[in-house]
Amino acid sequence: MAKWYLLQCKPRQEARAQMHIENQGYQTCLPKVTLQKTLRGKRQLVEEALFPGYLFIEIDIQSANFNAIRSTRGVVGFVRFGGVPSVVPNAVIEQFQRLAATPQVLQSELSAGNAVEVTEGPFAGLAAVYQMPKGSDRCLILIDMMGKQQQLEIDEAKLRKSD
């Protein structure tokens with residue numbers, strides 16, 4: 001009976017391994033997520049593996065050719081515990097497949113009105129309120145100074161969301 005297992009892949013070669021594994025007739029699952037990142041100075045949506053360096057594969061352990069799978073381009077080997085390939089529950093794979101059917105876009109974790117804390121620079125440690133992004137990697141925040149809220153433009157990487 002076929003079960004799902006986890007393969008470790010070479011760095012940034014999950015898609016290559018997936019293509020070569022599928023060419024051998026096996027079913028794979030490579031969960032992906034779309035992230036908003038700054039590339040070459042511009043905010044862009046980028047699709048990345050949810051688990052970088054890993055690929056799920058469905059095989060029948062009795063009839064599978066482990067040597068062929070391990071020597072596939074992009075594959076390092078099976079993830080093992082106690083020398084035995086680790087089985088991934090079907091429910092986990094079904095959840096990943098449902099997520100793939102409805103693509104998820106993960107925006108910046110900050111949105112208007114979020115409480116944030118400045119982590120670097122002259123305002124480090126001060127509480128603020130996130131307003132909006134401004135440009136590729138900067139944003140506007142409101143800081144309470146001298147009893148009045150002041151608007152400040154700051155690098156978004158210097159903020160962290162407050163609880």
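Residues numbered from 1 in each chain as written. Predicted model: local features only at pLDDT ≥ 70, side-chain atom pairs only at ≥ 80, totals over all residues. Heavy atoms only, no water.

As recorded by an unreviewed UniProt entry, the chain carries the name Transcription antitermination protein RfaH and is attributed to Aliidiomarina maris. The record in UniProt for the chain states the following under Sequence similarities (unreviewed entry): "Belongs to the RfaH family." (UniProt positions renumbered as here; feature names shortened; annotations may be inferred.)

Before going further, it helps to examine the overall build of the chain. Along the chain, the regular secondary structure elements total three helices and 15 strands. For the chain, whose C-alpha radius of gyration is 22 Å, the value lies well above the compact-globule estimate of 15 Å for 163 residues. Every one of the 163 residues in the chain was classed for burial, and the buried ones make up 32%. Here the contacts in the chain between residues at least 6 apart in sequence split such that 57% fall between residues at least 24 apart. Accessible area of the chain: about 10,300 Å², with a carbon and sulfur share of 51%. Separation between the mean location of the 19 positive side-chain charges and that of the 16 negative ones in the chain comes to 6 Å. (Helix = DSSP H or I, 4+ residues; strand = E, 2+ residues; numbered from the N terminus. Rg over C-alpha atoms; globule rule 2.2 N^0.38 Å. Buried < 20%, exposed > 50% of the residue type's maximum accessible area, 1.4 Å probe, protein only. Contact = heavy atoms within 4.5 Å. Areas by Shrake-Rupley, 256 points an atom, 1.4 Å probe, with all protein chains shown as cover. Lys, Arg positive; Asp, Glu negative; His and termini not counted. Charge placed at Lys NZ, Arg CZ, Asp CG, Glu CD.)

To continue, consider unusual backbone geometry. Here the phi dihedral of Arg12 falls at roughly 55°; this positive angle occurs in a residue that is not glycine. As for its position among the elements, Arg12 is in the loop between strand S1 (2-9) and helix H1 (14-23). The class of Arg12 is exposed, set by a relative accessible area of 76%.

Each strand in a sheet pairs with its neighbour through backbone hydrogen bonds, running either in the same direction (parallel) or in the opposite one (antiparallel). What the five strands build is an open sheet, ordered S14-S13-S12-S11-S15; its pairing is antiparallel. Strands at the two margins of the open sheet, each flanked by one partner only, are strand S14 (148-155) and strand S15 (159-161). In this sheet, adjacent strand axes meet at a mean angle of 45° when their direction is disregarded. As defined by bridge partners, strand S13 (residues 138-145) adjoins S14 across eight bridges and the pair is classed as antiparallel. Looking at S14, one finds that Leu140 is bridged to Glu153. (Pairing = 2+ DSSP bridges. Axes fitted to C-alpha atoms, helices over the stretch in contact; angles between N-to-C directions.)

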